[in-house]
Structures are given as C-alpha cells and as structure tokens.
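Next come the chains, spelled out residue by residue.
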Amino acid sequence: MCIRDRVYALTLTPSQGLRFATKYELELTGGIVDVDEGNGLVPDPTTIDFATFSPGGLGKAEANNAIALAVLGGRAFVVLNTYPAVVRTFDISDPSNPANEGDTPVFGIFPHIAAEASANIGSGPTDLVATLTTNSFSGQGTLIVLEVGEEAPPFPWVAAVTTNQGTEGYAAALDLYDGFAYVATGPSGLKVVDLTVAADLYRSATPLEVSQALNTKGQGFGQSGIVHTVPIEYEGATLTATAVTAKDTAAGRVAFVGARSLQAGSSTGHITSVSHSGGYVLQTLPLPIGWIYGIGLTRVDARELAVIVGSAIGDGGILAVVDVTNPSVMTLLSLSELEGLSLIH
C-alpha cells in the first residue's frame, strides 16, 4: 500500500472474541491523521455503534430419541436410543432442508457413535461409521462397524466385536482412527481393536453365527480383533475409563483416555496417554475435575492441546485445557467453569 492510496475500507481485529447478539461501540480518536493534509479526525472522537448477529438454524429434520451423531462430508449419522439402536442417515448437502435417507439397525442400547473417512480395513479406502452399545440380554459391550460408502441405507455391517463382558466393564466411549477402534470400557480400561482383523473375522462367519455369539452371555464375537487391553490406574487404584480419542503425535500414535477414580471419598478425573504401538501407559495426570465426558484434540501454534469437558467436583461443569505436546509429560494449562451447565452422570 502506497502513502497516497485511497482507503475505502479497513478491517479491525478485536483483542478478544465478540459475543453473539450484543451491541458494541467503536471509538475512533484524533490520533488518526490524514498524512497528506495533516488534519486529524473530525469529530474527535468519532463513535460507531454496531451489533453482532444472532446465529439461526438453517433447517431441521425429525430425529426422535437422538442421542449422538457423527458427520462425514454431506451426511449426518444420528444414532437413536431405541431398542435395538438405529443409525438414521441425513443428507445435509442442502443444509436448509436435511433429507432423511433411512435407518440402519445396529445392536443393543445406550449407543455411542464415531466415523472415519477413507479408512482401509482390507478392501480399499471406504467411509466407516461405528456404534458402541450395550446388549441388554448378554450384558456385553458391542462394537458394530458399518460401511457407509455412497449407497443409501441400510448399510452393510463389516465388523462386529464384543468389547467387554458384563462383569468386566461397560461400553463407555468410542473413537475411530486409521483403521482402529479405541474403546473406553469403564473399569476394564482401554481396548484397541484392529478393524482389519475384525472385518476378516466377520467375513468368515455367517450372520446366524454372529448373532448367536453376540447374544450369548460369556461368549461374544470377534474378540481376536482386540490387540491391546490397557488397564488405567493411578497410584495403585483402578480408574474407570469414560472418554477416549486418538491421534498421531511426535511420539507416535497415542490414545488419550479420560478416566475417574471411584474410590470412596475420591471423585478426581484423570487424563491418561496410552502408546498405540506398545499398548502401555505413558502418563496419567490427575485433574481437579469430576466425570470426564469428552476429549477434543487440537493444535495451537506449536502446541498440541487436549480440550476436556466434564463435571465439576461440586456442581456444574468444567472445561480443562491440557498441553499434550509431549504425551509423557502432559501439563494442565487452564480450568474454566461452565456456568449454569448441569452435567448428568
């Protein structure tokens, strides 16, 4: 920009984020000078009033009993807490008019859902949606993997794995990453499932054999696909895994597990980093937080961060930010109260 160029517009960046639906006043002072004429701003000061907009919905569609969702491209996959659980697929390419494409029955109740685009589990890159549920008959946790591709639902199952028996834990949380499923199974800790192995096992069985195994207490199906079972402990006490996410880091692929102590008199939450290749714990960091509901991973500047939402040890909610750049030396950076938020567990 040259000194004599005319300025028709100017962009100002606020020092902090602005709130939705809020009025603001911008004050410009005589420190703004016309360099050609030497004249300052008139009037001095000049005030400009403006307001931020209120976000509004573009469209909606019926999804009664919806409990969670995953999004891949122009599709949203909503899992319904029915019996048995159902994945309902919506075409959201026109966001003002989402279209219900149909349902895919899965298995069990209390479902969780995760998705991965272009995953290769033995038959070339494809889009996957997985659900984690509890079988009310057998008490087993069940992982079902769907190949969603470009076709319309119902989608074919491509893998099924019993993640835990009723006496050893429960189906708590799920993530998919690079052809593996990471499952938080309560007091059983973290289980890592190789979906390529699980898909081979599924193809080698008949639908009747799969159904019978999944519904038989103490039996289950596809457990050979579980390549790691990692108990989560702290100072000799077993923790209950309630959330999980996985990512490649400078230290290799790591699963980050949210867990909680259930010892009498203790309600402390923890974040635990687990090596994917070795299946061992790198670090368990206690946090001044109660039950951990979710973990998101992001990168800010040169730091890898885990953003955690959970319940406060008293009432309300907590947002915690942890530096996980070195998964063996994680550091708590901040805690923020989520005012007015009531989290149920």
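Residues numbered from 1 in each chain as written. Predicted model: local features only at pLDDT ≥ 70, side-chain atom pairs only at ≥ 80, totals over all residues. Heavy atoms only, no water.

Undergrad: What is the right way to read the overall build of the chain from this model?
TA: Across its full length, the chain holds two helices and 23 strands. Going through the 345 residues of the chain one by one, you find that 43% of them count as buried. The long-range share in the chain, meaning contacts at least 24 apart out of those at least 6 apart in sequence, stands at 47%. Put simply, the chain shows about 18,100 Å² of open surface, and 53% of that area lies on carbon and sulfur atoms. (Helix = DSSP H or I, 4+ residues; strand = E, 2+ residues; numbered from the N terminus. Buried < 20%, exposed > 50% of the residue type's maximum accessible area, 1.4 Å probe, protein only. Contact = heavy atoms within 4.5 Å. Areas by Shrake-Rupley, 256 points an atom, 1.4 Å probe, with all protein chains shown as cover.)

Undergrad: Just to check I follow, could you spell out helix H2 (residues 207–214) for this structure?
TA: Each α-helix winds once per 3.6 residues, and so residues spaced three or four apart point in a common direction. Within the sequence span of H2, burial applies to Val210, Ala213 and Leu214. Projected down its long axis, H2 shows its buried positions confined to an angular sector of 95°, all on one face. For H2, the secondary structure elements touched by its buried residues are strand S9 (141–147), strand S10 (157–164) and helix H1 (195–203). (Arc of directions from axis to C-beta.)

Undergrad: Looking at this structure, how should I read the sheet that holds strand S12 (residues 180–184)?
TA: The pairing of strands in a sheet happens through backbone hydrogen bonds and is either parallel or antiparallel. Taken in spatial order, the four strands make up an open sheet running S11-S12-S13-S14, and their pairing is antiparallel. The open sheet terminates on both sides in strands that have one partner only, identified here as strand S11 (173–177) and strand S14 (226–230). Neighbour to neighbour, the strand axes of the sheet diverge by 15° on average, direction disregarded. Pairing analysis gives five bridges linking S12 to strand S13 (residues 190–194), with the strands arranged antiparallel. Residue valine 183 lies in a different strand from S13, and its bridge partner there is lysine 191. (Pairing = 2+ DSSP bridges. Axes fitted to C-alpha atoms, helices over the stretch in contact; angles between N-to-C directions.)

Undergrad: In this structure, what is going on with a negative patch on the surface? I would like to understand it.
TA: A contiguous patch of negative charge, built from Glu25, Glu27, Asp44 and Asp49, is present on the exposed surface. With respect to the secondary-structure elements, aspartate 44 resides in the loop between strand S1 (23–28) and strand S2 (46–51). (Patch = residues over 30% accessible without salt bridge, like charges linked within 9 Å, V, L, I, M, F, W, Y side chains within 5 Å. Salt bridge = Lys/Arg side-chain N within 4 Å of Asp/Glu carboxyl O. Lys, Arg positive; Asp, Glu negative; His and termini not counted. Charge placed at Lys NZ, Arg CZ, Asp CG, Glu CD.)

Undergrad: Where do I start with the pattern of salt bridges in this structure?
TA: Any two side chains of opposite charge can pair, so long as their charged atoms come close to each other. Under the definition given, this model contains eight salt bridges. Across the pair glutamate 304 and lysine 247 runs a salt bridge whose closest N-O atoms are separated by 3.0 Å. With glutamate 304 in strand S21 (residues 303–311) and lysine 247 in strand S16 (residues 237–249), this pair connects stretches of sequence that are 57 residues apart. The buried category is assigned to glutamate 304, whose relative accessible area is 14%. For lysine 247, a relative accessible area of 22% gives the class partly exposed.

Undergrad: Mind showing me how you'd approach unusual backbone geometry here?
TA: The phi angle of most residues is negative, glycine excepted, and most peptide bonds adopt the trans form. A cis amide bond links tyrosine 83 with the next residue in sequence, proline 84, at an omega value of -5°. One can find proline 84 in the loop between strand S4 (75–80) and strand S5 (86–91). For the bond from proline 153 to proline 154, the omega torsion is 5°, close enough to zero to count as cis. Counting through the fold element by element, proline 154 comes out in the loop between S9 and S10. In this structure, serine 118 is a non-glycine residue whose phi angle is positive, near 55°. Turning to its location among the elements, serine 118 is positioned in strand S7 (residues 109–120). A positive phi angle, close to 55°, is found at aspartate 178, a residue other than glycine.

Undergrad: Honestly, the pairing of S11 in this entry has me stumped. Any pointers?
TA: Look at any regular strand and the pattern is simple: side chains alternate between the two faces of the sheet. Across the five residues that make up S11, a large majority, four, are buried. Count of turn residues in the S11/S12 antiparallel hairpin: two residues, of which aspartate 178 carries a positive phi of about 55°.

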